[in-house]
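Examining the three-dimensional arrangement
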Amino acid sequence: MGNTELTALTQGIFELKVAVDNMASKQEEMVDDVKKIKEAVYNPDSGIYARLRELEQWKAQRQKTE
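The following refers to the structure shown. Values in this document were obtained by computation on a predicted structure and should not be read as measured data. (Residues numbered from 1 in each chain as written. Predicted model: local features only at pLDDT ≥ 70, side-chain atom pairs only at ≥ 80, totals over all residues. Heavy atoms only, no water.)

Looking now at the environment of R62. Note that R62 resides in helix 2 (residues 48-65). Considering only alpha carbons, one finds R62 and Y42, 20 residues apart in sequence, at a separation of 26 Å. (Helix = DSSP H or I, 4+ residues; strand = E, 2+ residues; numbered from the N terminus.)

As enumerated under the stated definition, the model contains one aromatic pair in all. Consider the rings of Y42 and Y49, whose centres lie 5.5 Å apart with planes at 35 degrees: the pair is tilted. By relative accessible area, Y42 is classed as exposed at 54%. Overall, the relative accessible area of 48% leaves Y49 in the partly exposed class. (Phe/Tyr/Trp six-rings, centres within 6.5 Å; stacked < 30°, edge-to-face > 60°. Buried < 20%, exposed > 50% of the residue type's maximum accessible area, 1.4 Å probe, protein only.)

A grouping of M1, L6, L9 and I13 is seen on the molecular surface, where their side chains present a nonpolar patch of about 450 Å² in accessible area. Among the secondary structure elements, I13 is positioned in helix 1 (residues 3-42). (Patch = residues over 30% accessible without salt bridge, like charges linked within 9 Å, V, L, I, M, F, W, Y side chains within 5 Å. Areas by Shrake-Rupley, 256 points an atom, 1.4 Å probe, with all protein chains shown as cover. Salt bridge = Lys/Arg side-chain N within 4 Å of Asp/Glu carboxyl O.)

So, about the side chain of N43. Assignment of secondary structure puts N43 in the loop between helix 1 and helix 2. When its relative accessible area of 15% is taken as the criterion, N43 is described as buried. Reaching out from N43, the side chain makes a polar contact with the backbone nitrogen of D45 at a distance of 2.8 Å. Excluding anything up to four places from it in sequence, N43 contacts K38 and A50. (Polar contact = N/O pair within 3.5 Å; in protein donor to acceptor, adjacent residues only side chain to side chain. Contact = heavy atoms within 4.5 Å.)

That's the geometry; what it means functionally is another story.
Written out as structure tokens, the structure is:
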């Protein structure tokens, strides 16, 4: 293997390492985003399901009074 080929191989490996590092960083960001989405949806006190349950209870009570 010549010096030029070795340099090209080294450069390719370096670029691959940078790309993998970038992917790992983006994956960590995605994990944080998914955690925030799950919190917004499933939080028992203020999540979307909790709000929907409150609206359904309010609607049921309102229909009883009408």
